[in-house]
Amino acid sequence: MTEVTETLELKLVEPNAHKHRKLCETKTAYQQALEAAFDAGCTTQSAANDVVVNYDLSGYAKNALKKYVPQLCGGSYDAKELHDDHPVRFTNEGIRLDHKPQNAIEWYVKVPHHDDYHLWIPAQPNPEQRPWLEALYAGDAKMGECRLFDRDGEWYLHVVATRDVEERPSSASETPIGVDIGEASLVMVCHRNERGSPTTPNLWNDEGKHVRRLRETYFTATRRLQQRGSERIAESYGDSLWRQIDGILHTVTSEVVAYADEFENPVLVLEDLTHIRENMDYGSFMNRRLHGWGFAKMHAQLRYKAAEKGIRVETVNPAYTSKSCHCCGERGTRPAQATFRCTNPECWVRDYQADVNAALNIADRYLSGESHLREHTGDSKLPRPAGRGIQHGLPF
């Protein structure tokens, strides 16, 4: 058995004026307490408690803050700068679910306002997450921290849930599948067949282009709006773009797991996040949003979606996976974004699809820790995979 974590999203049905005012009061008090504790440099729960105890919040929100603030104070964050990244947090005891299938709106959530005052609000869950919500309601999953968001006047609740699933047994016939997550092409997956030949690569290139355009649009547009003093419009516009990106990542990671699930005893092999860097610089604030958010989000989604299928996920050191030849291990060159060129005159590899080369190195590193020589068993240009094309020798 392995423990799987999922974040459930529930959209609160438009509350009446009274409940909306109470939610706003909770959000304002939480933000004030967060900023006060952060400004006080609270690096322990005890220190944070001395600050947040003075604010008009439920004990569930205060307890969540006491755990959260020391994490922030240990890093280089600014509570006001990352205002939209700080929802109201509650410990798991604070939120309650109620299910009334006979009603038009089946689900209700209890949101604490004070310790002795709660708001029951109807909620619409993400339809794809309904089995998780039912498992949580039935006690087959455990509730973790809950987070309340205000997005352009609409309220959402995120509930962290965990449950145990069966894990596929490890065996000698594992199929390591290398996963190369990139800045240009979003994802490439590839593995070797029984003869050691690269086979059935799959590339999510168009999705990568779309995400890149959305991120560039976000940076450019929000900077201009902020320069004009339109901070609120910038936040709303940015939230909309990030939701679009999130939707793309959810789709792609689901497809990656479905790809792996087609093979016997698959193992998804990812690069260790601590070594990943993106070659762009939008300033310290944007780098935190872009660098930390994209790769970490995809890793988290791949992990929990793979676990639901009983597929193991492993990580390897990514050093030189994109610059080494998957056949002989020689350091090569990248004459174009999509092309790897081996510089070893004795190696059969010449111009090769760069993302496939990296994915193979990642899979090989799981097996041996290093790329190693394999005999040539086919043409250097891989067949075009069904459904998604690979553009050999052309920059994406």
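Analysis parameters
- Residues numbered from 1 in each chain as written.
- Predicted model: local features only at pLDDT ≥ 70, side-chain atom pairs only at ≥ 80, totals over all residues.
- Heavy atoms only, no water.
- Helix = DSSP H or I, 4+ residues; strand = E, 2+ residues; numbered from the N terminus.
- Areas by Shrake-Rupley, 256 points an atom, 1.4 Å probe, with all protein chains shown as cover.
- Core = buried A, V, L, I, M, F, W, Y, C linked by side-chain atoms within 4.5 Å.
- Buried < 20%, exposed > 50% of the residue type's maximum accessible area, 1.4 Å probe, protein only.
- Contact = heavy atoms within 4.5 Å.
- Salt bridge = Lys/Arg side-chain N within 4 Å of Asp/Glu carboxyl O.
- Polar contact = N/O pair within 3.5 Å; in protein donor to acceptor, adjacent residues only side chain to side chain.
- Phe/Tyr/Trp six-rings, centres within 6.5 Å; stacked < 30°, edge-to-face > 60°.
- Lys NZ or Arg CZ within 6 Å of the ring centre and 35° of its normal.
- Expected span 1.5 Å × (residues − 1).
- Pairing = 2+ DSSP bridges.
- Axes fitted to C-alpha atoms, helices over the stretch in contact; angles between N-to-C directions.
- Disulfide = S-S within 2.5 Å.
- pLDDT = per-residue confidence, 0-100.

### What about the overall build of the protein?
Here is step 1 of the chain: Along the backbone of the protein there are eight helices and 15 strands.
Here is step 2 of the chain: For the protein, the computed accessible surface area is about 19100 Å², with 46% contributed by carbon and sulfur atoms.

### Considerations on the nonpolar core
Here is step 1 of the chain: L12 and L148 are the most contacted members of the largest nonpolar core, which has 47 residues in total.
Here is step 2 of the chain: Apart from the residues lying within four places of it in its own chain, the contact partners of L148 are L12, L23, P87, V88, F90, V111, W155, Y156 and L157.

### Here we look at the pattern of salt bridges
Here is step 1 of the chain: In this structure the tally under the stated criterion is 13 salt bridges.
Here is step 2 of the chain: Residue E145 is joined to R147 by a salt bridge in which the shortest nitrogen-to-oxygen separation is 3.1 Å.
Here is step 3 of the chain: For E145, a relative accessible area of 25% translates into the label partly exposed.
Here is step 4 of the chain: The class for R147 is partly exposed, based on a relative accessible area of 23%.
Here is step 5 of the chain: Because the salt bridges share partners, they merge into one network encompassing R89, E145 and R147.

### Here's the deal with the side chain of K62
Here is step 1 of the chain: With respect to the element layout, K62 can be found in helix α3 (residues 59-73).
Here is step 2 of the chain: From its side chain, K62 meets the backbone oxygen of Y55 in a polar contact 3.2 Å long.

### Side note on unusual backbone geometry
Here is step 1 of the chain: We note that N265 has phi near 45 degrees; this positive angle belongs to a residue other than glycine.
Here is step 2 of the chain: When you line up the elements, N265 lands in the loop between α6 (231-260) and β11 (266-271).

### Observations regarding the packing of aromatic side chains
Here is step 1 of the chain: Enumeration according to the criterion identifies three aromatic pairs in this entry.
Here is step 2 of the chain: Ring geometry for W348 and Y352: centres 6.3 Å apart, planes at 75 degrees, overall edge-to-face.
Here is step 3 of the chain: According to the relative accessible area criterion, W348 is partly exposed, its value standing at 25%.
Here is step 4 of the chain: The side chain of R151 reaches across the aromatic face of F149, ending 5.5 Å from its centre.

### As for helix α1 (residues 17-39)
Here is step 1 of the chain: Between its first and last C-alpha atoms α1 spans 33 Å; for 23 residues at 1.5 Å apiece the expected length is 33 Å, and the two agree.
Here is step 2 of the chain: Within the span of α1, buried status applies to K22, L23, T26, A29, Y30, Q31, A33, L34, E35, A37 and F38.
Here is step 3 of the chain: Structurally, the start of α1 carries an N-cap: the backbone nitrogen of H18 is 3.2 Å from a side-chain oxygen of N16.

### A few points about the environment of D50
Here is step 1 of the chain: Locating D50 in the fold gives a position in helix α2 (residues 45-52).
Here is step 2 of the chain: For the pair formed by D50 and K66, sequence separation is 16 residues and the distance between their alpha carbons is 9.4 Å.

### So, the pairing of strand β8 (residues 175-181)
Here is step 1 of the chain: Most of β8 sits inside the fold, with seven of its seven residues counted as buried.
Here is step 2 of the chain: Strand direction decides the pairing type here: β8 and β11, joined by four bridges, are parallel. The residue of β11 that forms the bridge with G178 is V269.
Here is step 3 of the chain: Where β8 lies against strand β9 (residues 187-192), four bridges are found, and the strand directions are antiparallel. Residue pairing across strands places V179 opposite V189, the latter belonging to β9.

### So, the environment of R163
Here is step 1 of the chain: Tracing the backbone shows R163 in strand β7 (residues 154-165).
Here is step 2 of the chain: A residue is classified by how much of its surface remains accessible, and R163, at 23% relative accessible area, is partly exposed.
Here is step 3 of the chain: Considered as a pair, R163 and M143 are 20 residues apart in the sequence and their alpha carbons are 9.2 Å apart.
Here is step 4 of the chain: Beyond its immediate stretch of four places on either side in the chain, R163 contacts T2, E3, V4, W132, A135, D140, A141 and E308.

### Description of the sheet that holds strand β15 (residues 351-353)
Neighbouring strands of a sheet are bound in pairs by backbone hydrogen bonds; such pairs are parallel or else antiparallel.
Here is step 1 of the chain: The three strands lie next to each other as β13-β14-β15, forming an open sheet whose pairing is antiparallel. For this open sheet the edge positions go to β13 (333-336) and β15, each flanked by a neighbour on one side alone. Pairs of neighbouring strands in the sheet enclose a mean axial angle of 40 degrees, with direction left out of account.
Here is step 2 of the chain: As judged from the three bridges shared by strand β14 (residues 339-341) and β15, these two strands associate in the antiparallel manner. Of the residues in β15, the one forming a bridge with T339 is Q353.
Here is step 3 of the chain: Lying over the sheet, helix α8 (residues 354-368) contacts β13, β14 and β15, oriented at roughly 75 degrees with respect to β15.

### Some details on the side chain of R89
Here is step 1 of the chain: Within the secondary structure, R89 is located in strand β2 (residues 88-90).
Here is step 2 of the chain: On the basis of relative accessible area, R89 is assigned to the buried category, the value being 11%.
Here is step 3 of the chain: With residues up to four places along the chain from it excluded, the contact list for R89 reads Y30, Y60, A61, A64, Y68, E145, C146 and R147.

### Some points on the state of the cysteines
Here is step 1 of the chain: According to the stated counting rule, one finds zero disulfides in the structure shown.
Here is step 2 of the chain: No disulfide involves C347; its sulfur sits 3.8 Å from that of C328, the nearest cysteine.
Here is step 3 of the chain: When its relative accessible area of 4% is taken as the criterion, C347 is described as buried.

### Re the confidence of the model for the protein
In low-pLDDT regions, the fine details of the predicted coordinates are not to be read closely.
Here is step 1 of the chain: Of the residues in the protein, 78% have a pLDDT of 70 or more, and the chain-wide mean is 77.
Here is step 2 of the chain: Counting contacts from residues 76-82, a segment whose pLDDT is below 50, to residues more than four positions away or on other chains yields 17 contacts.
Here is step 3 of the chain: Below a pLDDT of 50 lies the segment residues 275-293, which in the model reaches 43 contacts outside its immediate sequence neighbourhood of four places, other chains included.

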